[in-house]
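# Report on the structure
Spelled out from the first residue to the last, the chains are:
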There are 2 protein chains.
Amino acid sequence: MLDGVFLALADPTRRAVIHRLGRGPASVGDLAREATMTLPSFMKHVRMLESNGLIRTAKSGRVRTCELNRERFAVVEDWLAQQRRLWEGRTDRLERFVTDTQERKPT
Amino acid sequence: MLDGVFLALADPTRRAVIHRLGRGPASVGDLAREATMTLPSFMKHVRMLESNGLIRTAKSGRVRTCELNRERFAVVEDWLAQQRRLWEGRTDRLERFVTDTQERKPT
């Protein structure tokens, strides 16, 4: 799951789409124009973002609209927070050790 | 820059190395054993992490030690925070609109 999400984010066109959708939903046609890409090339990026759950798309008539699936970003944020807790826990333990050692010093 | 960092994170072996190094530096040999990989296969992952700035390595005698470059994770965290500010700004504006509209209703 994380593999696909990170891979989907590893591309400037896809990150630009995410950034654009942060301002609100948009049609695939408009997004492709903003990316100055042909629709078939752009659709690969849309599919990559959708299959990894970062966006949702819905077709109404001939227009496919994309919107951000904000909740999905939590898997990345959670993973990063988990790593950070590990480092900070380690730093805390180191600080405690240093403090304890200093406290034990004869004054 | 973000492309390479996200790509480096899009692999379970590399994420496991990052997680392990969160507890402190380790030798390439130990990390490869923990990943149950041959050294040549594992070195590809090490190089990918190092070239994208997520870890630093240093050789002392025959042992290459890896350590996390925590600062590098800020590029990902900053990008995510930037997107989130955009959504939350949008939600704030929407809330203000709803509140303003309700206040203008005749009571």
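Above this text you will find the structure in question.
The structure reproduced in this document is the subject of the present report. Residue numbering note: each chain is counted from 1, following its sequence as written. Note on labels: chains are lettered from A, ligands numbered from 1, in written order. Note on the predicted model: pLDDT of at least 70 is required for a residue's local features to be given, and 80 or more for side-chain atom pairs to be given and counted; whole-chain, interface and lining totals, by contrast, use all residues. The side-chain quantities take in all heavy atoms of the structure and omit both hydrogens and water.

## Regarding the interface of chain A and chain B
- Taken together, the contacts link 29 residues of chain A with 29 residues of chain B.
- Using a 1.4 Å probe, buried area is obtained as the accessible area two parts lose upon being combined, added over both of them. For the pair chain A and chain B, the two sides together bury roughly 2900 Å², of which 62% comes from carbon and sulfur.
- Considering only the side of chain A, the residues that lose the most area to chain B are Arg 15, Arg 70 and Trp 87 of chain A, jointly responsible for 22% of the buried surface there.
- Definition used for salt bridges: Asp or Glu carboxyl oxygen within 4 Å of a side-chain nitrogen of Lys or Arg. Linking Arg 15 of chain A and Asp 3 of chain B is a salt bridge whose minimum nitrogen-to-oxygen distance equals 2.8 Å.
- As used in this structure description, the phrase polar contact means that two N or O atoms lie within 3.5 Å; if the pair is within protein, one of them must be able to donate a hydrogen and the other to accept it, and residues adjacent in sequence are counted only when both atoms belong to side chains. Inspection of the region where chain A meets chain B yields six residue pairs in polar contact (both at pLDDT 80 or more).
- To qualify as a helix, a DSSP run of H or I must reach at least 4 residues; to qualify as a strand, a run of E must reach at least 2; elements of each kind are numbered from the N terminus. Residue assignment for the side of chain A that touches chain B shows that the elements contributing at least two residues are helix H1 (2-9), helix H2 (12-21) and helix H5 (73-104) of chain A.
- It is H5 of chain A that contributes the most residues to the side of chain A that touches chain B, 12 residues altogether. Any two residues having at least one pair of non-hydrogen atoms within 4.5 Å are treated as being in contact.

## Overview of the sheet that holds strand S1 (residues 26-27) of chain A
Residues and elements named next belong to chain A.
- Read across the open sheet, the three strands follow the order S1-S3-S2; overall the sheet is antiparallel. The open sheet has two edge strands with one neighbour each: S1 and strand S2 (55-60).
- Paired strands, in this sense, are two strands between which DSSP finds at least two bridges. One ladder, built from six bridges, connects S2 with strand S3 (residues 63-68); its direction is antiparallel. Within S3, the position partnered with Arg 56 by the bridge is Glu 67.
- Running at roughly 85° to S3, H2 makes contact with S1, S2 and S3 of the sheet.
- Here an angle of 0 to 180 degrees is reported between the N-to-C directions of two axes, which are lines fitted to C-alpha atoms, with helices fitted over the stretch in contact. The sheet strands contacting helix H4 (residues 39-51) are S2 and S3, and the helix crosses S2 at an angle near 120°.

## Details of the relation of the copies chain A and chain B
- Our superposition of the copies is a least-squares fit, built on the C-alpha atoms of residues whose pLDDT is at least 70 in both. At an RMSD of 0.1 Å, chain A and chain B line up after a rotation of 180° and a shift of 0.1 Å along the axis. Both chain copies can therefore be described as sitting about a two-fold axis.
- A share of 100% of interface residues in chain A that are also interface residues in chain B marks the association as one of identical surfaces.

The values reported here are purely geometric and, on their own, carry no functional implication.
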